[in-house]
Amino acid sequence: MSILYLIVLGVPALAEISEPTNIGLEGTVTNDSISPTISTTSKATETTITPSATQLSQLAPVSYSQNQAAFLTTANNQSVFDITTTPTDETDSLLLPFTLVQNAQTNTDSDAPMAQVTSVSQLKDVQPTDWAFNALQSLVERYGCIAGYPDNLYRGNRALTRYEFAAGLNACLERVNELIATATSDLVKTEDLATIKRLQEEFAAELATLRGRIDTLEARTAELEANQFSTTTKLSGQVIIAVNSGGFSGERIIDPTGKEIASSDPNTTVVYRAAIDLDTSFFGTDQLKIRLDTGNNNGINNTPGFLEPNFGSVLDFSIKPPTNSNLGVSRLYYTFKPFQDFTVSVGPEIRTTDYVDYNSYAYLSFRDFSTFAFINNQLLFPVNGPSAGAAIDWKPGGGALTVRALYAAAEANNPGSNGFVRGVAPFTRLLYPAGGGQLGLFGDTYQGTVELEYAPSKVFAIRLQYSNGELFNNHYDVFGANFELTFSPKLAIFGRYGYGNYDNTSFGDIKPNYWMAGVAFPDLFSRGALAGIAVGQPFIASEIGNNTQTNFEGFYNFRVSDNIQVTPLIQVITNSSNQDANGTIVTGTLRTVFSF
């Protein structure tokens, strides 16, 4: 396109003619020749020529006072031109592919011979300030198709004859053809084409077979794409490895009933857990979650879990896998939005702690605190293991208020009339040693929980909770509160409180209390890091023991990379099992989390 534009600007057609004339030019450009056909008529007659290749579309009008050129059609080494000038006033517009405009001037040297120039500087009457200087320079020095007069003049303002225009255009097009031929001469040779043709003929059968196989493969691929399960399933995973060690002061450790647990410090252990999540969305606003995980599932395989197994001192991630060292399903539920700001989750394998009692600084045992006494209000969750049920999350109008509710039944997949119930918190085994009852979705071990959250901004949130249900056919209910307040990007406080009522326990009807409070330090020393210190009393009940257990825990989580977190943490327990005879327990853990 740029070549022809330069041609029209560069040839002496920039001069003005005395009598505008209608010109029709049609021609075909190939690698070998140009064959223009020029026909003229009088001023009063207009020549119409139908292009041989493509019907030319009408372009936008151009002003009489403008000199323009447009490349019309190029396809398969073929170009079609149509050049037309008609009498018009200065204010008229010409509906033409391109227009050459020339003013009246008598040409007295039209027959003078012209000589080829190799540099635009050879033309004495062409200056760098001329509006067409760059076009002339390109045509002379790049394409070598502009001729000057013997006196080294270009005479750009003189009149243009048809012969001069044809000669100049032909010279430039011949040069273009030469350049094209030179550039493509080495691409494909005649003998190469002959060889390819011969090979096609000799291997026609094989090529046909291959074409058939490709067609079959394409059909099968299309069928797989049409029937694949989902294009939006995402795989993620996590591996937790923790080394734990510790001991206690004094001669022995006893449980809440006075039974001896240990008389010497336990050995150092390694705790691990590995999980894979498959998250699938069918509509973009829903999620089907399947989690497979495994680990050395044994709450007493770590020092705090061994020395204090009842009131939430065990490393939480060590008791979350469903079976010991066997791969199993620990999450299976479907979440969807029946309408805006309202989410529903339902499934045969859920965890109650996934839906309520969230806290930005004390909630995830792989990120912040590691023990159940600090990541949740344990009184609210007597059912915290494998269970079936449903949960809702409603945020009216997307405002500051959020309402959450859930129902979960332990042993919902068991149709038996009576049996041992799994999926309950460790302290329930202390309160109800028999641990049996009605099974099934509506058995006698279930919980229902409601939470109201008020979070006017990201720096403050308070949550009020109520939980009630049955434990082995015994009623319970608990009130709870949870808050967090961020003073600055690097300082926050948080806390929880719970008050409950459990009927018919092995210690009678009891009304336990729970509290914890702490300070968090986001981005401590490095961006993305989190440190925290907390203290709490997980089970305050005068009916159990002669004192109150107090837990202390501190951690520092720092990111080695986006996929690796390392957390050293320390835990101190005084009056464990609510017994003042027990010495202080001190444990240390180095937790490493790999995410992918």
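Just so you know, these numbers come straight off a predicted model, no measurement behind them.

(A) The arrangement of the pairing of strand E28 (residues 564-574) in detail. One ladder, built from nine bridges, connects strand E27 (residues 550-561) with E28; its direction is antiparallel. By the bridge assignment, Phe558 is partnered in E28 with Val566. Hairpin geometry of E27 and E28 is characterised by an intervening segment of two residues between the two adjacent antiparallel strands. Direction of pairing for E28 relative to strand E29 (residues 585-595): antiparallel, over a ladder of ten bridges. The residue bridging Pro568 from the neighbouring strand is Leu590, located in E29.

(B) Layout of a nonpolar patch on the surface. Residues Ile241, Val243, Val270, Tyr272, Leu590 and Phe594 make up a contiguous nonpolar surface patch of roughly 480 Å² in combined accessible area. Among the secondary structure elements, those contributing two or more residues to the nonpolar patch are strand E9 (234-248), strand E12 (269-280) and E29. Its place among the elements puts Tyr272 in strand E12. Judged by its relative accessible area of 33%, Tyr272 falls in the partly exposed class.

(C) Layout of unusual backbone geometry. In this model, Asn473 sits at a positive phi of 70 degrees, which is unusual for a non-glycine residue. Within the element layout of this structure, Asn473 appears in the loop between strand E21 (460-471) and strand E22 (474-488). The backbone of Ser577 shows a phi angle near 60 degrees, a positive value even though the residue is not glycine. Relative to the helices and strands, Ser577 resides in the loop between E28 and E29.

(D) View of the pattern of salt bridges. In the structure shown here, the tally under the stated rule is 15 salt bridges. Close ionic contact of Glu260 with Arg252 constitutes a salt bridge, the shortest N to O distance being 3.6 Å. For Arg252, a relative accessible area of 41% gives the class partly exposed. As a salt-bridge pair, Asp393 and Arg404 come within 2.9 Å of each other at their nearest N and O atoms. One end of the pair, Asp393, is in strand E16 (residues 387-394); the other, Arg404, is in strand E17 (residues 401-410), with eleven residues separating them in the sequence. With a relative accessible area of 28%, Asp393 lands in the partly exposed category. We classify Arg404 as buried; its relative accessible area is 13%. Via salt bridges that share partners, Asp393, Arg404, Glu451, Glu453, Arg463 and Glu484 belong to a single interconnected network.

(E) The arrangement of the confidence of the model for the chain in detail. Averaged over every residue, the pLDDT of the chain is 79; the share at 70 or more is 78%. Counting contacts from residues 1-111, a segment whose pLDDT is below 50, to residues more than four positions away or on other chains yields 229 contacts.

(F) Structural context of the environment of Glu141. Counting through the fold element by element, Glu141 comes out in helix H2 (residues 133-142). The class of Glu141 is partly exposed, set by a relative accessible area of 41%. Along the chain, Glu141 and Thr118 lie 23 residues apart, while their C-alpha atoms are 5.9 Å from each other. Discounting residues that sit within four places of it in the chain, Glu141 has contacts with Thr118, Ser119 and Val120.

(G) Looking closely at the nonpolar core. By size, the foremost hydrophobic cluster in this structure holds 46 residues, and its most contacted members are Phe369, Leu431, Phe494, Tyr502 and Phe539. Broken down by secondary-structure element, the contributors of at least two residues to this core are helix H7 (372-375), E17, helix H8 (426-431), E22, strand E23 (491-505), strand E25 (513-522) and strand E26 (530-540). Here the element with the most residues in this core is H7; it accounts for four residues. Setting aside residues no more than four positions away along its own chain, Phe539 makes contact with Phe311, Gln378, Leu379, Phe427, Leu431, Ile510, Pro512, Asn513, Ile544 and Asn578. Counting residues in each nonpolar core, the second largest holds 13 residues, with Val117, Val126, Leu139 and Cys145 among its members.

(H) Quick look at the side chain of Glu451. Topologically, Glu451 is positioned in strand E20 (residues 446-457). Separated by 2.9 Å, the side chain of Glu451 and the backbone nitrogen of Asp357 make a polar contact. At 2.9 Å, the side chain of Glu451 and the side chain of Gln465 are in polar contact.

(I) Focus on the environment of Leu524. For Leu524, the location among the structural elements is in the loop between E25 and E26. Spatially, the C-alpha atom of Leu524 lies 7.0 Å from that of Lys490, the residues being 34 residues apart in sequence. In contact with Leu524, other than residues within four places in its own chain, are Ala529, Ala531 and Tyr556.

(J) View of the packing of helix H4 (residues 190-202) against helix H5 (residues 204-227). Relative orientation of the contacting elements H4 and H5 amounts to 75 degrees, with a least axis distance of 4 Å. With respect to H5, the element H4 is oriented roughly perpendicular. Within the contact between the two elements, H4 uses Gln200, Glu201 and Glu202 and H5 uses Ala204, Glu206 and Leu207. Classifying every residue of the contact of H4 with H5 gives two nonpolar, one polar and three charged.

Reading guide: rules and limits
Residues numbered from 1 in each chain as written. Predicted model: local features only at pLDDT ≥ 70, side-chain atom pairs only at ≥ 80, totals over all residues. Heavy atoms only, no water. Pairing = 2+ DSSP bridges. Helix = DSSP H or I, 4+ residues; strand = E, 2+ residues; numbered from the N terminus. Patch = residues over 30% accessible without salt bridge, like charges linked within 9 Å, V, L, I, M, F, W, Y side chains within 5 Å. Areas by Shrake-Rupley, 256 points an atom, 1.4 Å probe, with all protein chains shown as cover. Salt bridge = Lys/Arg side-chain N within 4 Å of Asp/Glu carboxyl O. Buried < 20%, exposed > 50% of the residue type's maximum accessible area, 1.4 Å probe, protein only. pLDDT = per-residue confidence, 0-100. Contact = heavy atoms within 4.5 Å. Core = buried A, V, L, I, M, F, W, Y, C linked by side-chain atoms within 4.5 Å. Polar contact = N/O pair within 3.5 Å; in protein donor to acceptor, adjacent residues only side chain to side chain. Axes fitted to C-alpha atoms, helices over the stretch in contact; angles between N-to-C directions. Parallel < 35°, antiparallel > 145°, perpendicular 65-115°, else oblique. Nonpolar A, V, L, I, M, F, W, Y, C, P; charged D, E, K, R; others polar.

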